[in-house]
Amino acid sequence: MTKYKMIVFDIDGTLLPFGVEDLSPRMKEMFEKLKQNGYINVLCSGRDIFTVGKQINNPYVDYFIGANGTFILDLKTNEYIFEKTIEYKDFIKFREYAENNKLAFSFVGNKWGYYNDLFNIDHWFYRPFKDKFISEKEFESKEDKNYLITVSSKTPQALGDALAKFFEENNMDMWVLAVWAGGVFISAKGITKATGLKILGDLLNVTLDEMVAFGDSENDIEMLEEVGLGIAMGNGEDVTKDAAKEICLPVTEDGPYFKLREKGFYE
């Protein structure tokens, strides 16, 4: 497996079953073996600096590409080596649209996470990190950044289409990064997980062809398509599987561990 230099993992549905915060013993072993064999280990997730939780403390992980590619954190130096944020003037337009259309949303900076009155901060995903989230009305006073907006919706595709039209009509540097079962992700235009990987690769002299990536969701599609070996989880969405070169066992069966062992990345 000498062609590959970097191994990239989504978190939810890939490293961790939904609602679980601890890696299985096999997954912990996987990271240690990959590091021993000289690979660069990367987390590439929709999670941010607040909701990534204990995964950021894994001693065998080198970089965290967070908020779906909007920033890259060097975990050895704790420095941001890339970021692209949503401009304040665009956020103000979005906020007005959200208020007029009664949208529930949250967003993340690098000081705090924020949420509006309609957003369910008691959702299982956010509940462990509630102390890191405050009212979005406090955003201006914190002089913070805005990496990624999450809008909750029971009709995410229709919402995504409406938001995309709104951004275009108002000439905003924002786009709908991904649609998922519970809503949509919004970022600065042009950002995806694949964008973040390309930028990190350029900094480390690693090409996309020299990367392996695992993912399960729609926001992983570009990443799986553009790396040398994109592997979808057995529990992944059909559109994600269609974009991948290979499929591994589900997250509940430690799919990445067995796929990498099968392909000779470690014994």
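Keep in mind it's a predicted model, so treat the numbers as computed, not measured.

1. Here we look at the nonpolar core
Turning to step 1, where the next piece is worked out: The biggest cluster of nonpolar side chains holds 66 residues, and the ones touching the most others in it are M30 and L197.
Turning to step 2, where the next piece is worked out: Residues contacting M30, with those up to four places away along its chain left out, are F9, L15, P256, Y257, L260 and Y266.
Turning to step 3, where the next piece is worked out: Within the second largest apolar cluster, 23 residues are counted, among which are Y97, L103, I134 and F139.

2. Here we look at unusual backbone geometry
Turning to step 1, where the next piece is worked out: In the Ramachandran plot, N68 falls in the positive-phi region, its phi being about 60° despite a non-glycine side chain.
Turning to step 2, where the next piece is worked out: Here N68 lies in the loop between β3 (63-66) and β4 (71-74).

3. Side note on the layout of surface pockets
Turning to step 1, where the next piece is worked out: Looking at the largest pocket, its volume works out to about 640 Å³.
Turning to step 2, where the next piece is worked out: Counting only elements with at least two residues in the lining of the largest pocket, the list comes to β6 (104-108), β9 (148-152) and β10 (174-180).
Turning to step 3, where the next piece is worked out: Its residues placed into classes, the lining of the largest pocket shows 15 nonpolar, 10 polar and nine charged.

Calculation rules
Residues numbered from 1 in each chain as written. Predicted model: local features only at pLDDT ≥ 70, side-chain atom pairs only at ≥ 80, totals over all residues. Heavy atoms only, no water. Core = buried A, V, L, I, M, F, W, Y, C linked by side-chain atoms within 4.5 Å. Buried < 20%, exposed > 50% of the residue type's maximum accessible area, 1.4 Å probe, protein only. Contact = heavy atoms within 4.5 Å. Helix = DSSP H or I, 4+ residues; strand = E, 2+ residues; numbered from the N terminus. 1 Å grid on protein atoms, 1.4 Å probe; cavity = no way out; pocket = protein on both sides within 12 Å on 5 of 7 lines; lining within 4 Å. Points joined across faces, edges and corners; volume = space filled by probe spheres on them. Nonpolar A, V, L, I, M, F, W, Y, C, P; charged D, E, K, R; others polar.

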